[in-house]
Amino acid sequence: MSIKENIEHIRREIKEVCNRVNREYDEVTLIGVTKTIDCERIRQALDDKIDHVGENKVQEIMNKYEEIKDAKIHMIGHLQTNKVKYIIDKVSLIHSLDRLSLAKEINKRAKQHGIIMDTLVQVNVANEDTKFGLKVEEVERFLEEIRDMENIRVLGLMTIAPYEEDSENVRIYFKELKNIFEELKNKDYSNVHMKYLSMGMTNDYKVAIEEGTNFVRIGTGIFGERNYYK
Ligand SMILES: *Cc1c(COP(=O)(O)O)cnc(C)c1O
């Protein structure tokens, strides 16, 4: 299938799931994950109405910036503190806020640019050694620690579920993130507005929509298998 057909297929599926669980289609934003994808193929996706792209490496955002800057750029990968300065004025949402040192650096750089940086806190719900993110029990304390950072805004939570052949097996993690999200809505921090969940990739986005996600991050489903693992 072509990139265009893939995008149409996924949009249809998103609509279908939204209808089934009584959600509005426009509550779910499709992020085309363009990591390792060359600019020509990204261009095709942008022409086919992908207006949000996700990248997981700062260097790739820099290299592709001219091509992707008309879309909203989402930083979805692990972010090294010393690289924040390169992307602070280029991305619209950082999905991978996961530690105090990173929050401090984002806050500092955002202040220098006179902006407020929107972020999601990454949570390692399944507690996997191989994944970044705060543990569930660390999230509230973290929000407490960054509550006075005026140039950071936390708009929600993100997670990467473990890979499971049967996506039903990750439903528990999505449910858990949604529960934490709802609990944190009751907290009163001036720079935290729990509005968005970012969960769901090619293999598990339908389950994630059923469980309330607002961003689905889809690479393989749009561009096919990546040539090398990143
Ligand atoms: C690569 C990646 C995706 C997309 O994964 P696919 O399975 O190709 O859809 C989503 N989120 C993050 C954080 C990623 O690194």
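Cut-offs applied
Residues numbered from 1 in each chain as written. Predicted model: local features only at pLDDT ≥ 70, side-chain atom pairs only at ≥ 80, totals over all residues. Heavy atoms only, no water. Near = heavy atom within 4 Å. Polar contact = N/O pair within 3.5 Å; in protein donor to acceptor, adjacent residues only side chain to side chain. Areas by Shrake-Rupley, 256 points an atom, 1.4 Å probe, with all protein chains shown as cover. Salt bridge = Lys/Arg side-chain N within 4 Å of Asp/Glu carboxyl O. Helix = DSSP H or I, 4+ residues; strand = E, 2+ residues; numbered from the N terminus. Contact = heavy atoms within 4.5 Å. Core = buried A, V, L, I, M, F, W, Y, C linked by side-chain atoms within 4.5 Å. Buried < 20%, exposed > 50% of the residue type's maximum accessible area, 1.4 Å probe, protein only. 1 Å grid on protein atoms, 1.4 Å probe; cavity = no way out; pocket = protein on both sides within 12 Å on 5 of 7 lines; lining within 4 Å. Points joined across faces, edges and corners; volume = space filled by probe spheres on them. Nonpolar A, V, L, I, M, F, W, Y, C, P; charged D, E, K, R; others polar. Arc of directions from axis to C-beta. Phe/Tyr/Trp six-rings, centres within 6.5 Å; stacked < 30°, edge-to-face > 60°. Lys NZ or Arg CZ within 6 Å of the ring centre and 35° of its normal. Pairing = 2+ DSSP bridges. Right-handed = clockwise from strand over helix to strand, strands pointing away. Axes fitted to C-alpha atoms, helices over the stretch in contact; angles between N-to-C directions. Parallel < 35°, antiparallel > 145°, perpendicular 65-115°, else oblique. Left-handed = near helix turned anticlockwise from the far one by under 90°.

**Q** So what's going on with the site of the ligand? Which residues, and what values?
**A** Around the ligand lies a shell formed by V33, K35, I76, I160, M201, T202, R217, I218, G219, T220 and R226. Here a nitrogen atom of the ligand and a side-chain polar atom of R217 are 2.9 Å apart. One nitrogen or oxygen atom from the main chain of G219 is found 2.9 Å from an oxygen atom belonging to the ligand. When isolated, the ligand has an accessible area of 390 Å², and the protein chains bury 89% of it.

**Q** Give a detailed account of the pattern of salt bridges, specifying residues and quantitative values.
**A** Within the structure shown, the criterion is met by 25 salt bridges. A salt bridge links K206 to E13; the nearest nitrogen and oxygen atoms lie 2.9 Å apart. Residue K206 is located in helix 8 (residues 205-210), and its partner E13 is located in helix 1 (residues 3-20); the two are separated by 193 residues in the primary sequence. Two residues, R43 and E67, come together in a salt bridge whose shortest N-O distance is 2.8 Å. Taken together, the residues span a long stretch of sequence, with R43 in helix 2 (residues 39-47) and E67 in helix 3 (residues 58-68) at a distance of 24 residues.

**Q** An account of the environment of V216 is requested, with residue identities and associated values reported.
**A** Note on placement: V216 falls in strand 8 (residues 215-218). As a C-alpha pair, V216 and V170 span 46 residues in sequence and 15 Å in three-dimensional space. The contacts of V216, once residues within four sequence positions are left out, are I14, V28, T29, L30, I31, M199, G200, Y205 and I209.

**Q** Break down the nonpolar core for me, with residues and values.
**A** Burial of nonpolar side chains together is a common tendency in soluble globular proteins. Formed by 66 residues in total, the largest nonpolar core has its most connected members in L143 and L157. Setting aside chain neighbours within four positions, we find L157 in contact with L120, V121, V123, V139, L177, I180, F181, L184, M194, Y196, L197 and S198. Membership of the second largest hydrophobic core comes to 6 residues, among which are L93, L120, L155 and M158.

**Q** Give a detailed account of the layout of surface pockets, specifying residues and quantitative values.
**A** When its volume is computed, the second largest pocket comes out at roughly 190 Å³. In terms of lining residues, the second largest pocket is bounded by 13 residues, among which H52, H74, L93, Y196 and F215 are the most central. Its residues placed into classes, the lining of the second largest pocket shows 4 nonpolar, 5 polar and 4 charged.

**Q** So what about helix 2? Which residues, and what values?
**A** Listing the buried residues of helix 2 in full gives I42, A45 and L46. Along the axis of helix 2, the buried residues cluster in a sector spanning 100°; they form a single face. Check the buried side of helix 2 and you find it contacts helix 1, strand 2 (52-55), helix 3 and helix 9 (220-223). One or two steps after helix 2, the chain reaches K49, where phi turns positive at roughly 75°.

**Q** Residues and numbers for the packing of aromatic side chains, please.
**A** Scanning the entire structure with this criterion turns up 1 aromatic pair. Its guanidinium or amino end placed over the ring of Y25, K15 lies 4.7 Å from that ring's centre, counting from NZ or CZ. Lying across the ring of Y65, K90 places its NZ or CZ 5.4 Å from the centre.

**Q** Explain the pairing of strand 7 (residues 192-198) residue by residue, including any values.
**A** Direction of pairing for strand 6 (residues 152-158) relative to strand 7: parallel, over a ladder of 4 bridges. Bridge pairing links V154 to V192 in strand 7. One crossover worth recording links strand 6 to the parallel strand 7 by way of helix 7 (residues 171-184), and it is right-handed.

**Q** Please give an account of the packing of helix 2 against helix 3 that cites residues and values.
**A** Running from N to C, helix 2 and helix 3 point in directions that differ by 40°, and their axes come no closer than 10 Å. The orientation of helix 2 with respect to helix 3, classified from their angle, is oblique. At the point where helix 2 passes helix 3, the crossing takes the right-handed sense. Of the residues in helix 3, those touching helix 2 at C39, I42, R43 and L46 are K64, E67 and I68. Grouping the amino acids of the contact of helix 2 with helix 3 by side-chain chemistry returns 4 nonpolar, no polar and 3 charged.

**Q** Account for the side chain of S198, with residues named and values stated.
**A** Looking at the element boundaries, S198 is found in strand 7. A polar contact of 2.9 Å, which involves the side chain of S198, links it to the side chain of H95. Separated by 2.9 Å, the side chains of S198 and R217 make a polar contact. In this view, S198 contacts H95, L120, L157, M158, T159, T213, F215 and R217; residues no more than four positions away in its chain are not counted.

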